[in-house]
Amino acid sequence: MPSVEKITQYLKDGERVDQLRQEGVGIIQHPEVFAFSMDAVLLAYFAKPPRQQRAKLVDLCAGNGAVAFLLRHKVIAPITLVEIQDRLADMAKRTIALNGVEDRYQVINCDALDVLEFIKADSVDYLTCNPPYFTSVQQQKTHHLKSHQLARHESTATFDDFARVISRLLKTRGKAAIVHRPERLTELLSTLGKYQLEPKRLQLIYPKVGKEANGVLIEVMHLGSANGLHVLPPIIVHEIDDSYTPLMKELLGVSS
């Protein structure tokens, strides 16, 4: 974790630094900007990027970089973060500088639909994506802050758009790990198949035993065979008493 003196050099008004204990990284956040969530932690846990120096790795819809930073100990190749919101991209850049990991990360501040102007098609070995979960017509879930709306709602791109871009970016047999909502699972799998992104691993997330799933993790392979899907054991976030399960304690670096 960087020193207090160093931290203050990289913070703007109202910002704080939260520690990713397992990775030894301090990440810049702001209460008015969409902070990373449990979904980011679980996406990084679920992802299986290749551990080769020459691998090309991309984090799409990167936000302030949480997933990429959480992947730090899984990879040795650099990770390219792609984020549409200027403020979040700037926070990710300053987090990189704060932690002195400029050799491990770079940030592209652009709309995901324009990413092929910056990253060559058919070049990516592994990609992670935490896209907006709600369609633009789900107004009851719209947040009053614009930054949250962009992070939560498909206001600038649909899941179909993201799937198309992911398909263009990945090499043949390249893979992508995606986190989303289970109520849209039928649509997600149909759309991924439309762009020759074949599901290979699937894992449901449950808030606690006896509750309905509230998250789904999907790993796809570009131009892979249409069979061989592995449905993994469920992830349970909380015990009955609302404490974290052993897995979540391990991932979050907490003792209770």
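Structure shown above.
What you are looking at is a predicted structure, and each value in this text was computed from that prediction instead of being measured. (Residues numbered from 1 in each chain as written. Predicted model: local features only at pLDDT ≥ 70, side-chain atom pairs only at ≥ 80, totals over all residues. Heavy atoms only, no water.)

Novice: Looking at this structure, how should I read empty space enclosed by the protein?
Specialist: Where empty space is left becomes clear once a probe the size of a water molecule has been rolled over the atoms. For the coordinates displayed, the defined rule picks out 1 cavity of 30 Å³ or more. Considered as a void within the structure, the largest cavity measures approximately 50 Å³ in volume. Residue lining of the largest cavity: P49, L57, V58, D59, L71, V75, I79, Y126 and T128, and that is the complete set. Of all elements in the fold, only β3 (57–60) and β6 (124–129) reach the threshold of two or more residues within the lining of the largest cavity. With 3 residues, the single largest contributor to the lining of the largest cavity is β3. Looking at the lining of the largest cavity residue by residue, the class counts come to 7 nonpolar, 1 polar and 1 charged. (1 Å grid on protein atoms, 1.4 Å probe; cavity = no way out; pocket = protein on both sides within 12 Å on 5 of 7 lines; lining within 4 Å. Points joined across faces, edges and corners; volume = space filled by probe spheres on them. Helix = DSSP H or I, 4+ residues; strand = E, 2+ residues; numbered from the N terminus. Nonpolar A, V, L, I, M, F, W, Y, C, P; charged D, E, K, R; others polar.)

Novice: How should I be thinking about the environment of D86 in this particular structure?
Specialist: Among the secondary structure elements, D86 is positioned in helix α4 (residues 86–98). Measuring from C-alpha to C-alpha, the distance between D86 and C110 comes to 8.3 Å, with 24 residues separating the pair along the chain.

Novice: Sorry if this is basic, but what is going on with the pattern of salt bridges here?
Specialist: For side chains of opposite charge, pairing can occur when their charged atoms come near one another. One pass over the full model with this rule turns up 11 salt bridges. The partner of D161 in a salt bridge is R164, with the nearest N and O atoms 3.2 Å apart. Of this pair, D161 and R164 both sit in helix α6 (residues 159–169), separated by 3 residues, roughly a single helical turn. Look at D161 and you get buried, because its relative accessible area is 17%. Taking the shortest distance from any N to any O, the salt bridge between E187 and R184 comes out at 2.7 Å. Classification of E187 by relative accessible area gives partly exposed; the value is 35%. R184 sits in the buried class, given a relative accessible area of 8%. (Salt bridge = Lys/Arg side-chain N within 4 Å of Asp/Glu carboxyl O. Buried < 20%, exposed > 50% of the residue type's maximum accessible area, 1.4 Å probe, protein only.)

Novice: Help me out: how do you make sense of the nonpolar core in this one?
Specialist: Generally speaking, soluble globular proteins have nonpolar side chains that are buried together. The biggest cluster of nonpolar side chains holds 40 residues, and the ones touching the most others in it are L42, L57, F69, I79, L81, Y105 and L217. If you tally residues by element for this core, the top one is helix α2 (residues 38–46), at 6 residues. In this view, L217 contacts L42, L43, F46, I178, V179, R201, L202, Q203, I205 and I235; residues no more than four positions away in its chain are not counted. In terms of nonpolar packing, the next biggest core, distinct from the first, is built from 31 residues, L60, V82, L185 and Y195 among them. (Core = buried A, V, L, I, M, F, W, Y, C linked by side-chain atoms within 4.5 Å. Contact = heavy atoms within 4.5 Å.)

Novice: In this structure, what is going on with α6? I would like to understand it.
Specialist: Residues three or four positions apart in an α-helix share a direction because the helix packs 3.6 residues into each turn. Of all the 11 residues making up α6, 8 are buried; the element is thus mostly covered by neighbouring parts of the structure. Among the residues of α6, those classed as buried are F159, D161, F162, A163, V165, I166, S167 and L169. Summarising the contacts, the buried residues of α6 are in contact with β3, β6, β7 (170–180), α7 (185–194), β8 (197–208) and β9 (215–222).

Novice: Help me understand the pairing of β7, please; the structure alone is not making it clear to me.
Specialist: Put simply, side chains in a regular strand alternate between the two faces of the sheet. One ladder, built from 5 bridges, connects β6 with β7; its direction is parallel. Looking across to β7, one finds that T128 is bridged to A177. As paired strands, β7 and β9 are joined by 6 bridges and run antiparallel to one another. From the neighbouring strand, K175 faces β9, where its bridge partner is M221. (Pairing = 2+ DSSP bridges.)

Novice: Please clarify how the packing of aromatic side chains should be interpreted in this entry.
Specialist: Working definition: an aromatic ring pair is given by the centre-to-centre distance plus the angle between the planes. By the definition in use, this model includes 1 aromatic pair. The interplanar angle of 70° and the centroid separation of 4.9 Å between the aromatic rings of F69 and Y105 together place this pair among those described as edge-to-face. Of this pair, F69 sits in helix α3 (residues 66–70) while Y105 sits in strand β5 (residues 105–109), and the two are 36 residues apart along the sequence. Accessibility classification places F69 together with Y105 in one group, the buried group. The ring of F46 has R201 lying over it, and the distance from NZ or CZ to the ring centre is 4.1 Å. (Phe/Tyr/Trp six-rings, centres within 6.5 Å; stacked < 30°, edge-to-face > 60°. Lys NZ or Arg CZ within 6 Å of the ring centre and 35° of its normal.)

Novice: Would you mind showing me how to read the layout of surface pockets here?
Specialist: Of the pockets and cavities examined, the second largest pocket occupies roughly 190 Å³. Surrounding the second largest pocket, Q22, E23, V41, A44, Y45, L70, H73, K74 and L251 form its lining. With 3 residues, the top contributor of residues to the lining of the second largest pocket is α2. Residue composition of the lining of the second largest pocket, by class: 5 nonpolar, 2 polar and 2 charged.

Novice: Please clarify how the environment of A226 should be interpreted in this entry.
Specialist: Note on placement: A226 falls in the loop between β9 and β10 (230–231). On the basis of relative accessibility, which here comes to 72%, the residue A226 falls in the exposed class. Residues A226 and T80, 146 residues apart in the sequence, show an inter-C-alpha distance of 29 Å.

Just distances and angles here, no functional claims.
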